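# Structural overview for review
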Amino acid sequence: MMSFSKARKEDVCQITGIEGTADEEPKEQCQKEKNKMKKPNTLKIKSLIKHRKNSKSEAALTSETLLEVDLDAIEGIAYSPGDPQVECQKQKNIGKISAKIKKWQRNSKSPETPTDNAVELDFNGNLEQNRLAEAQQQLLEAEECLFSSKEVTRGKDEEDKLQMDYEIFILRLRLVIQDSFIEDNQETLKSALISIVKEEAQDRRWAEVAADQRPIWRPTRCRQFHDTLLQIIVEQRMKNADEQNNLADNLSTSLKREVFRLGKQVQKDLLRVVRNLRECYPPDFDICRLYARLYHQAFSTRLQEFSRSNISSEECLYILSWIVEYYPKDVLKYKELEEHINSSSLGPLLPEEDLERLEKQYFSYKENEIRKWLSNAFEKEVKKWSDDIEPELMDGYYFSNFALDVLPLVDGAVKDVNTLLSSEDKAWSLLNQLDSFFLSYKTSLEKLIKRNPENIPKTLSANLDNIYQFRDYVQKPEHPFSEDTRTACLSTLADLKNICHKYFLSRIHTELKPLYQKLWTKVWFAGNSEVVEELVKELENYIENFKELKPVCREELLAELHVEVMVEYVRRMMKRKLKLKDKEQQEAAAEFICHDSSKICSVFAKVEILAELHVEVMVEYVRRMMKRKLRLKDRAARSSC
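Heads up: these notes are all about the structure in this document. (Residues numbered from 1 in each chain as written. Predicted model: local features only at pLDDT ≥ 70, side-chain atom pairs only at ≥ 80, totals over all residues. Heavy atoms only, no water.)

## As for the overall build of the protein
For the record, the criterion: Comment: elements are numbered from the N terminus, with helices defined as DSSP H or I runs of at least four residues and strands as E runs of at least two. To sort residues, take the accessible area from a 1.4 Å probe on protein chains only and compare it with the maximum for the residue type: under 20% means buried, over 50% means exposed, and anything in between is partly exposed. Contacts are assigned to residue pairs with any non-hydrogen atoms lying within 4.5 Å of each other. For accessible areas, the Shrake-Rupley method is used with a probe of radius 1.4 Å. Any residue's cover is judged against the shown protein chains and nothing else.
Per the secondary structure count, the protein includes 24 helices and 4 strands. Put simply, the protein has 641 residues, and 46% of those count as buried. Long-range pairs, those at least 24 residues apart, make up 74% of the contacts in the protein between residues at least 6 apart in sequence. About 34300 Å² of surface is accessible on the protein, with carbon and sulfur atoms providing 49% of the total.

## Quick notes on the nonpolar core
As a rule of thumb, soluble globular proteins bury nonpolar side chains together. Cut-off, in case you're wondering: Nonpolar core, defined: a set of buried Ala, Val, Leu, Ile, Met, Phe, Trp, Tyr and Cys residues in which side-chain atoms within 4.5 Å join the residues together.
Residues Tyr291, Leu434 and Phe470 are the most contacted members of the largest nonpolar core, which totals 150 residues. Among the elements that make up this core, the one with the highest residue count is helix α18 (residues 483-516) (12 residues).

## Quick look at helix α10 (residues 287-307)
For the record, the criterion: A helix is expected to span 1.5 Å multiplied by its residue count minus one.
Between the first and last C-alpha of α10 there are 30 Å, a value that for 21 residues agrees with the 30 Å anticipated at 1.5 Å per step. For α10, the buried fraction is high: 16 of the 21 residues fall into the buried class.

## Quick notes on the environment of threonine 419
If you trace the backbone, threonine 419 turns up in helix α14 (residues 402-421). Considering only alpha carbons, one finds threonine 419 and glutamate 325, 94 residues apart in sequence, at a separation of 8.3 Å. Contacts of threonine 419, omitting those with residues within four sequence positions, involve Val324 and Glu325.

## Notes on the environment of leucine 229
For leucine 229, the location among the structural elements is in helix α8 (residues 222-239). Residues leucine 229 and glutamine 178, spaced 51 residues apart in sequence, show a C-alpha to C-alpha distance of 7.5 Å. Contacts of leucine 229, omitting those with residues within four sequence positions, involve Arg174, Ile177 and Gln178.

What follows is the structure, given as structure tokens:
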């Protein structure tokens, strides 16, 4: 091999730290140093690449960046450990590589296409112009020239020089791949990828030749080298995830902010791959899916670290949200990414054991949270009853926030559990708490009625609205109650409604009793219209008192009142205190019944949709009864009827 110049030997000494004079031969220097120091495997070269002037990407290396160049790790470069000549040759190579890197620093533009009149560039010229495909082709031609025939005697210097050129080429290839995310580097990257494809083809050719007949650098395994380097790049970019993302500042913990930045880094970089890098790569690289797999693995690794640490329930929820919602839907299913990434082949972000631990922690947190919400809301409502605080009026109706305080929180928790855990059984378990909650509600309401405070009519009016809201929620089939829990809850809510209705209606019937007693007496038969008119007037007054009930509550209460009034009317008739001696009296009584029923129903017609139908049913019922086809022989039978 050609000897180094004096200046070059000084460079070697400076870079490697070898003590000696420039006049000494490299071999002598290396031998001299062999017994004085252990030679490091890794050479640190400062400022290999300076910041690109026009680069807007954070991927550009700064002047302070340290690039680790492990020459022994470069595929295809093999040395004989302990051989002084090889060690010396290694020092020569390092010196030349350092010199080449300095030239690349000065010229990092896209490859230049020479004009027709341009001088054909040599290997070094092509590297300086970022024309890696052309430089690699020259290496292949030199390799073919040296190794194409067994009859040709290869010079040691020629082979060493070609080996060093391959080292320089592979290092340059590495630097280009590391700059993949720099927009100005795209054309250079295309050239580098062409050279990788050619190197793979050459490796396959040499695979058919005996190992001792191949060049020492074969196989170079550039494709494998490329894929491994991409993994390192991805891990580094995830490690340095964009800390300038202001959206993360709104999150409450450092772990949440870190997870957010990681997820957004995945999305941002994959979009760059699809928009920019995809066009640089040959189709067989399947580069979008390769990057997706690497980022998926890097994100998964960090999430596993987080999930195995001591995290709060709030942080547990945030991680689960990224695993189940944000990552698969907002990142992998992003419009521009979806068609280029096979998300189903990526696998889960967390191993099953880690995921189950997070799910268990989260579900326990939600159970306790709902229990706390129900308890706090209930205590708050009961305290209002104890203090006899008058409910507020809203739009003219008595109103309580009780149901509104409870239902949205419970419903939100159930939906979260259904979404994040995909478990109907766990959703059932959360809603089971409503059963005991309604039973406590019923017990407290009964105690309130026994105390009978001053504002109880208004309090019950407001609570009827709560009861109806609870009932509507339980009845809806989309809410995932188990059948047993749904039935139990509806039964308790029906009891709650009946407690309120009984309080209102029992007092009305007590006050109407004197009028009920006049029905089907001689006074009623003689002046039918006067008795019923008085009854109707009283009913109208009571109905007016219910105007501050929500419409749906008022309708059901008045429908029940209507039925009870008509039942009381028939019960009085069945006592048969009025003796109808002949057919004319019976027919007259039948007419009175129709008239009374019509008058009573007219009172409820304004607020009850079924009033008209109820009139027809009652009239037909009384007509049939008045035909007296069924003979009731004694008083007991008539009372039973």
